[in-house]
Amino acid sequence: MDRDLVERARRGDREAFAVLVHQVSDSLYAVAHRILRDSGLAEDALQNALVLAWRRIPHLREPDRFEAWIHRILVHACYDESQRARQWTANVRVLPFDGPSTPDGTAVIADRDELERAFRRLPIDQRAVFVLHHYVGLPLVEIAEMLEIPAGTARSRLHYATRGLQDALSADAELAVSGGRLA
Amino acid sequence: MTDDRSIERAARSWLEIGPTTAPDRAVDAALLRIESTPQERDLRIPWRITVMPMPARVAAAALIGVLLVGGAMFAFSWGGRSSVGAPGPSSSTVSTPSSEASPAIASDALPSDIWGNWVAQADHSIAGLYAAKESIQLTIDATDGKHLWIETRNGGAGFRSAVHQLSPGEVKLVTPSPSYDQGVTASCTEGQVGNYRWSRSADGTSLTLTAIDDQCADRIVTLARTWTLLPTN
């Protein structure tokens, strides 16, 4: 990241900030989409994060940490979007995937669907840590620093996310088996 | 696919699927909003003030005192021309539009003499925003006096509220829409209203906010206190 651009943006240079936006928006959107699992929400989170970053960039003390800083803003924007979406979807239940997985290529798709459903059941803060660790590839210490949470909290969120996925997938598998028996 | 390793492996490859490019419309919309969005001012809060040694505190207090007395004498020497509020009739005043006029201010904005930054020490914590004993800053928007919010030493912000002056010394605060930049709002939700009394000390260095009522309890415990003026340099 160009430190000079960040410094100029801090001083109110909108053109410099626009260049930064174009440099980081793909990465931010990819992360937001993976946390929120929804294109519309991810777009809103990206927009809100970029506007908020513009407002707050004069407070950025370490220009070299711009990317970590703006990712933190994005993750918080994702929390907000998730909260807003929950108000609209409070009554919508996630229905189990109907149809057993088969040993051919459709099993892969079924696995993805299971993962999708299981992931959506996780709390948003666990999803964020999971995505930052397994998609962005950040070590837990960096995630903790980025999100300004204790390292132990980051570790436990990742642990509970993995456990949550595990439990949800097991439950789905049992449901599929019992459904098959009933049928 | 239910042990940790295989779940992580499967999840990694699953996460790889998905968009990697931001839609132009989202980026363009953000840049459009930014065009009309002002930045927050960075006034470099001297957080070290709370850990200054006693002699330095005394010296700083003395310096502030001298500056305040000097400022007050300077203000009086101008015959009260700097007083805030609607100017009274004056036969000796020559109308000089724009030379000393303050910027156009909506009638419900807070008076410009309390715009700026005020600091205090938190006596409790708000999750995600500040911890007990941490120094926090109350910012009253210095561009129009129509918003206020809390800032923290690590760049956090929260409790952004639209300001409506009800009467001299009384103000209504409203939590804006989540699409607006609210920062951390704790239990405050959109549209929640809080009514406060405010008063400034005679020397102008303290601002006291007293809650009359507020639908958001977290805003009361954050705002209702005496704040100390933060010098602008």
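Everything in this summary refers to the structure shown in the same document.

### Description of the overall build of chain B
Next up, step 1: Counting its secondary structure elements, chain B contains four helices and eight strands.
Next up, step 2: Counting from the amino terminus, helix and strand elements in chain B follow one another as α-α-α-β-β-β-β-β-β-β-α-β.
Next up, step 3: Taking as baseline every contact in chain B between residues at least 6 positions apart, the subset at least 24 positions apart corresponds to 48%.
Next up, step 4: Here chain B has roughly 13,100 Å² of accessible surface; of this, 58% comes from carbon and sulfur atoms.

### Here's the deal with the packing of aromatic side chains
Next up, step 1: Within this structure, the stated rule accounts for four aromatic pairs over all chains.
Next up, step 2: Both rings, one in Phe119 of chain A and one in Trp14 of chain B, keep their centres 5.2 Å apart while their planes meet at 65°; by these two values the pair is edge-to-face. Residue Phe119 of chain A is located in helix H5 (residues 106-120), and its partner Trp14 of chain B is located in helix H1 (residues 4-16); the two belong to separate chains. The same class applies to Phe119 of chain A and to Trp14 of chain B, which are both buried.
Next up, step 3: The structure contains a cluster of three or more aromatic residues connected by ring pairs, namely Phe119 and Phe130 of chain A together with Trp14 of chain B.
Next up, step 4: Above the plane of the ring of Trp227 of chain B lies Arg225 of chain B, whose end atom (NZ or CZ) is 5.7 Å from the centre.

### Some points on the interface of chain B and chain A
Next up, step 1: Taken residue by residue, the interface counts 46 residues in chain B and 48 residues in chain A.
Next up, step 2: Of the roughly 4,400 Å² buried at the junction of chain B and chain A (both faces included), carbon and sulfur atoms supply 57%.
Next up, step 3: Three residues, Trp14, Leu15 and Gln39 of chain B, lead the burial of chain B against chain A; their summed loss comes to 18% of the area buried on that side.
Next up, step 4: Taken together, the connections running from chain B to chain A amount to two salt bridges.
Next up, step 5: Where Arg55 of chain A meets Glu40 of chain B, a salt bridge forms, and the shortest distance between an N and an O atom there is 3.7 Å.

### Things to note about the nonpolar core
Next up, step 1: In this structure, Phe17, Phe66 and Leu147 of chain A are the most contacted members of the largest nonpolar core, which totals 74 residues.
Next up, step 2: Of all the elements, helix H2 (residues 14-36) of chain A adds the most residues to this core, at 13 residues.
Next up, step 3: The residues touching Leu147 of chain A, leaving out its near neighbours within four places in the chain, are Arg72, Val75, Tyr79, Val129 and Leu132 of chain A.
Next up, step 4: Counting residues in each nonpolar core, the second largest holds 26 residues, with Leu110, Ile114, Trp118 and Ile150 of chain B among its members.

### A look at the sheet that holds strand E3 (residues 147-152) of chain B
Next up, step 1: Ordered by their spatial adjacency, eight strands build a closed barrel running E1-E2-E3-E4-E5-E6-E7-E8 (chain B), and the pairing between neighbours is antiparallel. Between one strand axis and the next, the sheet turns by 35° as a mean value, whatever way the strands run.

### Section: empty space enclosed by the protein
Residues and elements named next belong to chain B.
Next up, step 1: Considering all chains together, one arrives at one cavity of 30 Å³ or more under this definition.
Next up, step 2: Lining the largest cavity, in full, are Leu110, Ile114, Leu138, Ile140, Leu148, Val171, Leu173, Tyr196, Trp198, Leu207, Leu209 and Leu223.
Next up, step 3: Breaking the lining of the largest cavity down by element, the ones donating at least two residues are strand E2 (135-140), strand E5 (170-174), strand E6 (193-200) and strand E7 (206-214).

### So, the pairing of E7 of chain B
It is a general feature of regular strands that their side chains alternate between the two faces of the sheet.
Residue and element names in this part refer to chain B.
Next up, step 1: Across seven bridges, the pairing between E6 and E7 is antiparallel. Its bridge partner lying in E7, Arg197 is registered against Thr210.
Next up, step 2: Relative to strand E8 (residues 226-229), E7 runs antiparallel, the two sharing three bridges. Its bridge partner lying in E8, Leu207 is registered against Trp227.

### Description of the state of the cysteines
All names here are of chain B.
Next up, step 1: Scanning the model with the defined rule gives one disulfide over all chains in all.
Next up, step 2: What pairs with Cys188 in a disulfide is Cys216, and their sulfur atoms sit 2.0 Å apart. With the S-S dihedral at roughly -90°, the linkage between Cys188 and Cys216 falls on the left-handed side. You can see Cys188 sitting in the loop between E5 and E6 and its partner Cys216 sitting in the loop between E7 and helix H4 (217-223), a full 28 residues away along the chain. An identical accessibility class is assigned to Cys188 and Cys216; each is buried.

### A short note on the pattern of salt bridges
All names here are of chain A.
Next up, step 1: Summed over all chains, the structure comprises 15 salt bridges over all chains.
Next up, step 2: Two residues, Glu7 and Arg10, come together in a salt bridge whose shortest N-O distance is 3.4 Å. Of this pair, Glu7 and Arg10 both sit in helix H1 (residues 3-10), three residues apart, which is roughly one turn of the helix.
Next up, step 3: A residue is classified by how much of its surface remains accessible, and Arg10, at 14% relative accessible area, is buried.
Next up, step 4: A salt bridge links Glu148 to Arg72, with the shortest nitrogen-to-oxygen separation between them at 3.3 Å.

Calculation criteria
Residues numbered from 1 in each chain as written. Chains lettered and ligands numbered in written order. Predicted model: local features only at pLDDT ≥ 70, side-chain atom pairs only at ≥ 80, totals over all residues. Heavy atoms only, no water. Helix = DSSP H or I, 4+ residues; strand = E, 2+ residues; numbered from the N terminus. Contact = heavy atoms within 4.5 Å. Areas by Shrake-Rupley, 256 points an atom, 1.4 Å probe, with all protein chains shown as cover. Phe/Tyr/Trp six-rings, centres within 6.5 Å; stacked < 30°, edge-to-face > 60°. Buried < 20%, exposed > 50% of the residue type's maximum accessible area, 1.4 Å probe, protein only. Lys NZ or Arg CZ within 6 Å of the ring centre and 35° of its normal. Buried area = accessible area lost by both parts, 1.4 Å probe. Salt bridge = Lys/Arg side-chain N within 4 Å of Asp/Glu carboxyl O. Core = buried A, V, L, I, M, F, W, Y, C linked by side-chain atoms within 4.5 Å. Pairing = 2+ DSSP bridges. Axes fitted to C-alpha atoms, helices over the stretch in contact; angles between N-to-C directions. 1 Å grid on protein atoms, 1.4 Å probe; cavity = no way out; pocket = protein on both sides within 12 Å on 5 of 7 lines; lining within 4 Å. Points joined across faces, edges and corners; volume = space filled by probe spheres on them. Disulfide = S-S within 2.5 Å.

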